[in-house]
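Descriptive analysis of the structure
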Amino acid sequence: MSPQQPQILAIIGQGYVGLPLAMAAVDAGWTVIGVDNFEVKVTQINSGSSPVEDVSDSQLKAALSKGVYKATNDFSSVSQASVITICVPTPLDDKREPDLALLRSAAKGIAPFISNETLIVSESTSYPGTLRDIIIPIVNKLKPEASKTVYFASAPERVNPGDPVWNQKNTPRLIGSIDNASQTRALAFYESICDAAVSVSTPEVAEAAKLLENTFRLVNIALINEFTQLCAASGINVNEVIGAASTKPYGFMPFRPGVGVGGHCIPVDPLYLTWWARQKGTRAEFVEFAASINQQMPMYVANRALSLVDSDIKNPKVLILGVAYKPGVGDVRETPVSELRDHLVTQGADVAWHDPLVPMWDGSKPVDLGWDCDVAILATNQPGVDVEKLISKGVQILDCTNSIKNLNGVTSL
Ligand SMILES: NC(=O)c1ccc[n+]([C@@H]2O[C@H](COP(=O)([O-])OP(=O)(O)OC[C@H]3O[C@@H](n4cnc5c(N)ncnc54)[C@H](O)[C@@H]3O)[C@@H](O)[C@H]2O)c1
């Protein structure tokens with residue numbers, strides 16, 4: 001199949017997924033309209049300041065100045081597009097169940113402006129049936145009468161923000177559509193911007209595959225987190241064990257322990273799966289159990305850190321290093337470090353934090369490494385944190401990231 005001739009692409013949502021996609025499409029020759037309903041972000045982007053680490057200001061400025069990209073909050077601009085991709089958040093509600101309000105509002109926002117023969121693709125992560133049962137009925141109800149033919153596909157985004165190797169271009173893209181005509185167009189579109197587009201038989205297969213991928217990570221991280229507690233209780237270094245097991249050339253894949261799981265994907269997507277299972281009258285008990293193991297990790301880490309402090313100190317001062325959910329990004333969504341901080345505070349600790357990529361967190365500001373503490377917890381190995389400075393001051397460190405090797409004063413998780 002020959003790639004689609006680049007024309008105008010509209011991307012709904014200009015965040016961690018939408019903005020890098022916009023730049024990848026610009027590189028492939030598309031003219032891109034980035035629609036976002038958050039006006040402050042639209043203004044920031046149009047001023048040439050990128051809100052995400054995977055897009056540099058210079059890359060963004062180049063696209064803006066060539067006139068091949070602009071951000072807007074005007075949904076009517078999608079009428080110019082031959083392809084519209086939806087990249088809005090799919091979080092959990094306060095019952096920890098799928099919250100598709102933003103996805104619904106994005107579908108409602110674009111529907112009245114869709115031109116005839118437009119391809120609509122959902123890239124947002126959600127449970128199987130979301131494209132067919134939620135997005136398509138909204139669009140079909142609200143689209144202009146003249147737009148008789150609209151094509152629909154699901155192509156869940158797999159991007160891993162901050163990853164130096166895998167990006168929008170070289171990560172194979174799964175594509176499942178509602179009919180052959182939609183699939184032909186969706187494959188041609190993604191072949192124009194990605195190295196490999198992989199066809200699956202339905203949107204539901206693509207949606208389910210995305211949940212499987214992230215649930216696979218959740219359960220393996222849970223296994224290692226449980227195994228870590230067992231090793232620590234037995235005086236065995238779990239990271240050495242993982243390294244040893246990794247020498248097996250087949251059938252084993254290393255996962256590392258940590259404070260828990262965070263971000264918009266690993267703690268969230270498996271709960272879309274468990275909810276979906278319940279809707280089908282069944283249970284995903286294995287996944288539920290894995291999620292609960294990971295949720296216990298912040299308390300385990302808090303207890304391990306406090307065990308390093310002299311028991312005479314009633315209100316130990318604890319410095320948390322790295323509060324983003326993973327290294328290289330400033331993203332604190334669902335970070336397990338929130339729970340860690342809360343457990344420490346509940347146990348009487350005076351807690352401060354340091355993270356070069358996070359200027360503000362939960363209404364508080366970071367401290368510098370000179371902050372006097374009884375113990376430090378390396379929760380996320382952010383670039384630019386001078387851990388050796390703390391070690392040279394004699395501060396005890398609990399390393400949850402397996403990044404400090406063989407140094408006195410450092411305890412591994
Ligand atoms: N962040 C990741 O690592 C990642 C990776 C793969 C898939 N995903 C999935 O991609 C989707 C988007 O995630 P993200 O991390 O890019 O989110 P994000 O919060 O970084 O960006 C989403 C953007 O959408 C905008 N928005 C929200 N509702 C809107 C609406 N109705 N109309 C227009 N704009 C709207 C927000 O203002 C925001 O700028 C989610 O389903 C997520 O699960 C995320």
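These remarks concern the structure in this document. (Residues numbered from 1 in each chain as written. Predicted model: local features only at pLDDT ≥ 70, side-chain atom pairs only at ≥ 80, totals over all residues. Heavy atoms only, no water.)

**Considerations on the overall build of the chain**
The condition is simple: Each helix corresponds to a stretch of at least 4 residues labelled H or I by DSSP, and each strand to a stretch of at least 2 residues labelled E; elements are numbered beginning at the N terminus. Using C-alpha atoms as the atom set, the radius of gyration is obtained and then compared with a globule rule of 2.2 Å times the number of residues to the power 0.38. For the exposure calls, accessible area comes from a 1.4 Å probe over protein chains only, and a residue counts as buried if that area is under 20% of its type's maximum, exposed if over 50%, partly exposed in between. Whether two residues touch is decided by their heavy atoms; if any such pair falls within 4.5 Å, the residues are in contact. By the counting rule applied here, Lys and Arg register as positive and Asp and Glu as negative, while His and the ends of each chain are not counted. Working definition for charges: the position is that of NZ of Lys, CZ of Arg, CG of Asp or CD of Glu.
When helices and strands are tallied, the chain shows 12 helices and 13 strands. The globule rule puts the C-alpha radius of gyration for 413 residues at 22 Å, and the 23 Å found for the chain is close to it. Dimensions along the principal axes, computed over C-alpha positions, put the chain at roughly 75 × 50 × 40 Å. Taken across its 413 residues, the chain has 51% of its residues classed as buried. Intrachain contacts of the chain at a sequence separation of at least 6 include 70% that bridge at least 24 residues. Here the chain contributes 33 positive and 43 negative side-chain charges, whose respective centroids are spaced 4 Å apart.

**With respect to the pattern of salt bridges**
Let me state the cut-off plainly: What counts as a salt bridge is simple: a side-chain nitrogen of Lys or Arg found within 4 Å of a carboxyl oxygen of Asp or Glu.
According to the stated counting rule, one finds 13 salt bridges in the structure shown. E334 is paired through a salt bridge with R96; the nearest N and O atoms lie 3.5 Å apart. In this pair, E334 is assigned in the loop between strand 9 (317-321) and helix 11 (337-346) and R96 in the loop between strand 4 (83-86) and helix 4 (101-110), connecting sequence segments 238 residues apart. Look at E334 and you get partly exposed, because its relative accessible area is 34%. Taking relative accessible area as the criterion, R96 reaches 37% and is therefore assigned partly exposed. Two residues, R185 and E117, come together in a salt bridge whose shortest N-O distance is 3.9 Å. Pair noted here: R185 is in helix 6 (residues 180-193) and E117 is in the loop between helix 4 and strand 5 (118-122), with a separation of 68 residues, a long-range link.

**Structural notes on the sheet that holds strand 12 (residues 396-399)**
This is how it is decided: When DSSP finds two or more bridges between two strands, those strands count as paired. Note on geometry: axes are lines fitted to C-alpha atoms, helical ones only across the stretch in contact, with angles between N-to-C directions running from 0 to 180 degrees.
The five strands are arranged 10-9-11-12-13 in an open sheet whose pairing can be described as parallel. Sheet topology places strand 10 (350-354) and strand 13 (410-412) at the edges, where each strand pairs with a single neighbour. Mean inter-strand twist for the sheet, computed between neighbouring axes without regard to direction, equals 20°. Judged from the three bridges that link them, strand 12 and strand 13 form a sheet pairing that is parallel. The residue bridging D399 from the neighbouring strand is S412, located in strand 13.

**With respect to unusual backbone geometry**
Positive phi values are uncommon outside glycine, yet D362 reaches one of about 50°. Within the secondary structure, D362 sits in the loop between strand 10 and strand 11 (375-378). Classification of D362 by relative accessible area gives exposed; the value is 55%. The phi dihedral of N402 falls on the positive side, at around 55°, and the residue is not glycine. Its place among the elements puts N402 in the loop between strand 12 and strand 13. Its relative accessible area of 19% is what places N402 among the buried residues.

**Some words on the nonpolar core**
Applicable threshold: We define a nonpolar core as any set of buried Ala, Val, Leu, Ile, Met, Phe, Trp, Tyr and Cys residues linked to one another through side-chain atoms lying within 4.5 Å.
Counting residues in each nonpolar core, the largest one holds 50 residues, and the members touching the most others are I12, I84, I86, I110 and I120. Considering each element in turn, this core owes the most residues, seven residues, to helix 7 (residues 203-233). In this structure, L9, I11, I45 and Y190 belong to the second largest nonpolar core, which totals 32 residues.

**Digging into the site of the ligand**
Basically, it comes down to this: A single heavy atom is enough: if one lies within 4 Å of a molecule or strand, its residue is considered near that molecule or strand. Any pair of nitrogen or oxygen atoms within 3.5 Å is treated as a polar contact; in protein, a donor-acceptor pairing is required on top of that, and neighbouring residues in sequence qualify only through side-chain atoms on both sides. Computed by Shrake-Rupley with a 1.4 Å probe, the accessible areas treat only the displayed protein chains as cover when residues are assessed. Here the nonpolar group is Ala, Val, Leu, Ile, Met, Phe, Trp, Tyr, Cys and Pro; Asp, Glu, Lys and Arg are the charged ones; every other residue, Gly included, is treated as polar.
In the vicinity of the ligand there are 27 residues, among which V17, D36, K41, T90 and S105 approach most closely. A distance of 2.7 Å is found between a nitrogen atom of the ligand and a side-chain nitrogen or oxygen belonging to S105. In the environment of the ligand, an oxygen atom lies 3.1 Å from a nitrogen or oxygen atom belonging to the side chain of R333. Against a free-state accessible area of 830 Å², the protein chains account for coverage of 94% of the ligand. If you tally residues by element for the shell around the ligand, the top one is helix 4, at three residues. The residue inventory of the shell around the ligand, partitioned by class, reads 13 nonpolar, nine polar and five charged.

**So, helix 9 (residues 269-279)**
Within helix 9, eight of the 11 residues are buried, which leaves the element mostly enclosed by the surrounding structure. Two residues or fewer past helix 9, G281 is found with a positive phi of approximately 80°.

**Structural notes on the side chain of S147**
Along the chain, S147 falls in the loop between helix 5 (130-142) and strand 6 (150-154). The exposure class assigned to S147 is buried, which follows from its relative accessible area of 4%. Among the polar contacts made by the side chain of S147, one reaches the main-chain carbonyl oxygen of I114 at a distance of 2.5 Å. Once you skip the residues sitting within four places of it in the chain, S147 turns out to touch I114, S115 and N116.

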